[in-house]
Amino acid sequence: MTGPEVTPGGTPTLRLGAGAGYAGDRVDPAVDLARRGRLDHLVFECLGERTIAAAHARRAGSADATAGIDPLWARRVRAVLAPCRAAGTRIVSNAGAADPPAAADVTRAVARELGLAGVRVAAVTGDDVLAAVRRADPVVWETGRKLSEHPETLVAANAYLGAEPIVTALAEGADVVVTGRVADPALYLGPLVHAFGWSLTGDPGLLGRGTAVGHLLECAGQLTGGYFADPVTKPVPRLAELGFPYADVAPDGSAVLGKLAGTGGLLDVATATEQLLYEVGDPSAYVTPDVVADFSSVHLEQDGPDRVRVGGASGSERPGSLKVTLGFREGWEGEGQISYAGPRALERARLAADVVVSRLDRVHGIGADDVHVEYVGAGAAFRGLAGPGEPLEVRVRVVARTPDPETAEAVGWEVESLYTNGPAGGGGARRGAREVVAVRSCLLDRRDVRPEVSVREA
């Protein structure tokens, strides 16, 4: 292992790199970090709430042994495993999604393929709490009703695990740790607790500071200018070559954020501030499985080009319950799109939509209440709060919720048929249908959640 480095002041630090911020993230910035970053740990955050529910649905309907994992995991691990192995960098990821053991198998297979002997891979399970939530019958947040009162088919229930099983896996010598649903900051907190010997129950202040670092890094390129950039008010250089960030973290939880020399993007107090507040409802009470973190006193200080010093976070005792993401099968969704341009584009687009909505009702039995129409380019994103003006081009998007895939296919079919049966000048039609997995949430007593760690060598 590379082990903690030492700052000029003599303080050992651990370097954590952000390899991904969501399921479809780029791979090349992670490769750059693996090769040049001198990292102790490279972390891939690949799960959203809808992502893991969709992974369960894929797995249930497929004979593919890898259907339940992050679809890009094999590509990611194949790209970084050799340079990480050479540098002594350990990998942590929630790419296991609905099936961490399968992701661990893929990792070991890639290690064998690359001729890398002795790679120890850990699978963290226990976040799948489908049976436990059925027994507990909790109240679903979004509806205020008991789980048992919902007629939809429940296909997934995953509790947000904390850092503890990651700490266990690292202590057992894992070079790669793959998990399912783990709180995003916990992917980074686990290596910090393991390296510095922090208590998971005794010092919530340290855990709050470590969670702040994890939260800043978890979305990868968002910290270095992605999702921040505006060409007029917030220019970001070389956005196409965006480099992903890392953090040098001291034993007291303070950290310096940075990115590799020569990479595109921007890391300053403004980018860090936006990321610190991203998806945070109450900065003084950011609830995670490990700690209720308090970001209200965080201070950010520019420490040189593309370097930001972070400190001041704190925390209080962890909650007694864990958030659970529930996934329900809710039928199918059909979609069709077509474009109109030139004079009276919006009028023709509206006529096209009227034709489709009428036929979906009259011919296919899809009532208007189940159909949603958008006029992209004419203020659709403002949901009627802004006037459309006179757009030069409009793309009509028609979406309908249906009980079965055959009816869902009819939506795009009717839109496509506008080519020869609708207003003049339609083009670029696209259509599709997909199963709808609705995501909701509840709480479950943490005593009903039992993480497990399995470590095997490639």
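Above this note sits the structure.
Here goes a summary of the coordinates provided. Note that this is a predicted model, so its numbers are computed, not measured. (Residues numbered from 1 in each chain as written. Predicted model: local features only at pLDDT ≥ 70, side-chain atom pairs only at ≥ 80, totals over all residues. Heavy atoms only, no water.)

Digging into the overall build of the chain
1) Next: Along the chain, the regular secondary structure elements total 12 helices and 19 strands.
2) Next: Computed over the C-alpha atoms, the radius of gyration of the chain is 24 Å, within 12% of the 23 Å expected from 2.2 N^0.38 for a compact globule of 458 residues.
3) Next: In terms of overall dimensions, the chain has C-alpha extents of about 75 × 55 × 45 Å along its principal axes.
4) Next: Considering the chain as a whole, with its 458 residues, one finds that 52% of them fall into the buried category.
5) Next: Contacts in the chain between residues at least 24 apart in sequence constitute 76% of all its contacts with a sequence separation of at least 6.
6) Next: For the chain, the exposed area adds up to about 19600 Å²; of that, 51% sits on carbon and sulfur atoms.
7) Next: For the chain, the distance from the average site of its 47 positive side-chain charges to the average site of its 59 negative ones is 3 Å. (Helix = DSSP H or I, 4+ residues; strand = E, 2+ residues; numbered from the N terminus. Rg over C-alpha atoms; globule rule 2.2 N^0.38 Å. Buried < 20%, exposed > 50% of the residue type's maximum accessible area, 1.4 Å probe, protein only. Contact = heavy atoms within 4.5 Å. Areas by Shrake-Rupley, 256 points an atom, 1.4 Å probe, with all protein chains shown as cover. Lys, Arg positive; Asp, Glu negative; His and termini not counted. Charge placed at Lys NZ, Arg CZ, Asp CG, Glu CD.)

Topic: helix H8 (residues 204–217)
1) Next: Across its 14 residues, H8 extends 20 Å between first and last C-alpha, which sits within 8% of the 20 Å expected from 1.5 Å per residue.
2) Next: The buried fraction of H8 amounts to 12 of the 14 residues, a majority that puts the element mostly inside the structure.
3) Next: Every buried residue of H8 is accounted for by Gly205, Leu206, Leu207, Gly208, Gly210, Thr211, Ala212, Val213, Gly214, His215, Leu216 and Leu217. (Expected span 1.5 Å × (residues − 1).)

Re the packing of helix H3 (residues 73–87) against helix H4 (residues 100–113)
1) Next: Between H3 and H4, the least distance of the axes is 10 Å, while the angle of their chain directions is 40°. In this view, H3 runs oblique relative to H4, as classed from their interaxial angle. Crossing of H3 over H4 shows right-handed handedness. Contact with H3, carried on its side by Trp73, Ala74, Val77, Arg78 and Leu81, involves Ala103, Val106, Thr107, Val110, Ala111 and Glu113 of H4 and no other residues of that element.
2) Next: Broken down by class, the residue content of the contact of H3 with H4 amounts to eight nonpolar, one polar and two charged. (Axes fitted to C-alpha atoms, helices over the stretch in contact; angles between N-to-C directions. Parallel < 35°, antiparallel > 145°, perpendicular 65-115°, else oblique. Left-handed = near helix turned anticlockwise from the far one by under 90°. Nonpolar A, V, L, I, M, F, W, Y, C, P; charged D, E, K, R; others polar.)

Let's talk about the environment of tyrosine 278
1) Next: Looking at the secondary structure, you find tyrosine 278 in the loop between helix H9 (269–277) and strand S10 (286–287).
2) Next: Exposure remark for tyrosine 278: the relative accessible area of 24% places this residue in the partly exposed category.
3) Next: For the pair tyrosine 278 and histidine 215, spaced 63 residues apart in sequence, the C-alpha to C-alpha distance is 8.7 Å.
4) Next: Apart from residues lying up to four places away in sequence, tyrosine 278 is in contact with His215, Cys219, Gln222 and Tyr227.

Quick word on the sheet that holds strand S11 (residues 292–294)
1) Next: Taken in spatial order, the three strands make up an open sheet running S10-S11-S14, and their pairing is antiparallel. Edge positions in the sheet fall to S10 and strand S14 (314–316), since each has one partner strand and no second.
2) Next: As paired strands, S11 and S14 are joined by three bridges and run antiparallel to one another. Following the sheet pairing, aspartate 294 is matched in S14 by serine 314.
3) Next: In this fold H8 packs onto S10, S11 and S14, with an angle of close to 120° to the strand it touches most, S14. (Pairing = 2+ DSSP bridges.)

Description of the nonpolar core
Generally speaking, a soluble globular protein has its nonpolar side chains buried in company with each other.
1) Next: Residues Trp73, Val133, Leu257 and Leu326 are the most contacted members of the largest nonpolar core, which totals 101 residues.
2) Next: Top contributing element to this core by residue count: helix H7 (residues 186–196), with seven residues.
3) Next: In contact with leucine 257, other than residues within four places in its own chain, are Leu216, Leu217, Leu223, Tyr246, Ala247, Leu267, Ala272, Asp306, Arg307, Val308 and Val310.
4) Next: Tyr340, Ala345, Val394 and Leu418 belong to the second-largest nonpolar core, a separate cluster that totals 20 residues. (Core = buried A, V, L, I, M, F, W, Y, C linked by side-chain atoms within 4.5 Å.)

Description of the pairing of strand S2 (residues 12–20)
1) Next: When you tally the buried positions in S2, you get eight out of nine residues, the bulk of the element.
2) Next: In this sheet, strand S8 (residues 245–249) lies alongside S2 in antiparallel orientation, the contact comprising four bridges. Considered in S8, the bridge of leucine 14 is made with valine 249.
3) Next: For S2 and strand S3 (residues 41–44), the ladder comprises four bridges, and the chain directions are parallel. Paired with leucine 16 across the bridge in S3 is histidine 41.

Describing helix H2 (residues 49–60)
1) Next: Between the first and last C-alpha of H2 there are 17 Å, a value that for 12 residues agrees with the 16 Å anticipated at 1.5 Å per step.
2) Next: Among the residues making up H2, those that are buried are Ile52, Ala53, Ala55, His56 and Ala57.
3) Next: Looking at the packing, one finds that the buried side of H2 touches strand S6 (153–159), strand S15 (321–341) and strand S18 (427–445).

Regarding the pattern of salt bridges
1) Next: Taken as a whole and assessed by the stated rule, the structure comprises 27 salt bridges.
2) Next: Between arginine 359 and glutamate 414 there is a salt bridge, with its nearest N and O atoms 2.8 Å apart. Highlighted residues: arginine 359 in helix H10 (residues 345–362) and glutamate 414 in helix H11 (residues 405–416), separated in sequence by 55 residues.
3) Next: Residue classification places arginine 359 among the partly exposed positions, given a relative accessible area of 29%.
4) Next: The class for glutamate 414 is buried, based on a relative accessible area of 6%. (Salt bridge = Lys/Arg side-chain N within 4 Å of Asp/Glu carboxyl O.)

Section: the environment of alanine 285
1) Next: Relative to the helices and strands, alanine 285 is located in the loop between H9 and S10.
2) Next: Alanine 285 sits in the partly exposed class, given a relative accessible area of 31%.
3) Next: Filtering out sequence-adjacent residues up to four positions away, alanine 285 remains in contact with Val292 and Ala293.

Section: the packing of aromatic side chains
For any pair of aromatic rings, the description rests on two quantities: the centre-to-centre distance and the angle between the ring planes.
1) Next: One pass over the full model with this rule turns up four aromatic pairs.
2) Next: For the pair phenylalanine 44 and tryptophan 73, a centre-to-centre distance of 5.9 Å together with 80° between the ring planes defines the contact as edge-to-face. Separated by 29 residues along the polypeptide, phenylalanine 44 in strand S3 and tryptophan 73 in helix H3 bring together distant segments of the chain.
3) Next: Looking at phenylalanine 44, the relative accessible area reads 1%, which means it is buried.
4) Next: Arranged with centres 5.8 Å apart and planes meeting at 35°, the rings of phenylalanine 196 and tryptophan 198 form a pair that is tilted.
5) Next: Residue classification places phenylalanine 196 among the buried positions, given a relative accessible area of 19%.
6) Next: Looking at tryptophan 198, the relative accessible area reads 8%, which means it is buried. (Phe/Tyr/Trp six-rings, centres within 6.5 Å; stacked < 30°, edge-to-face > 60°.)

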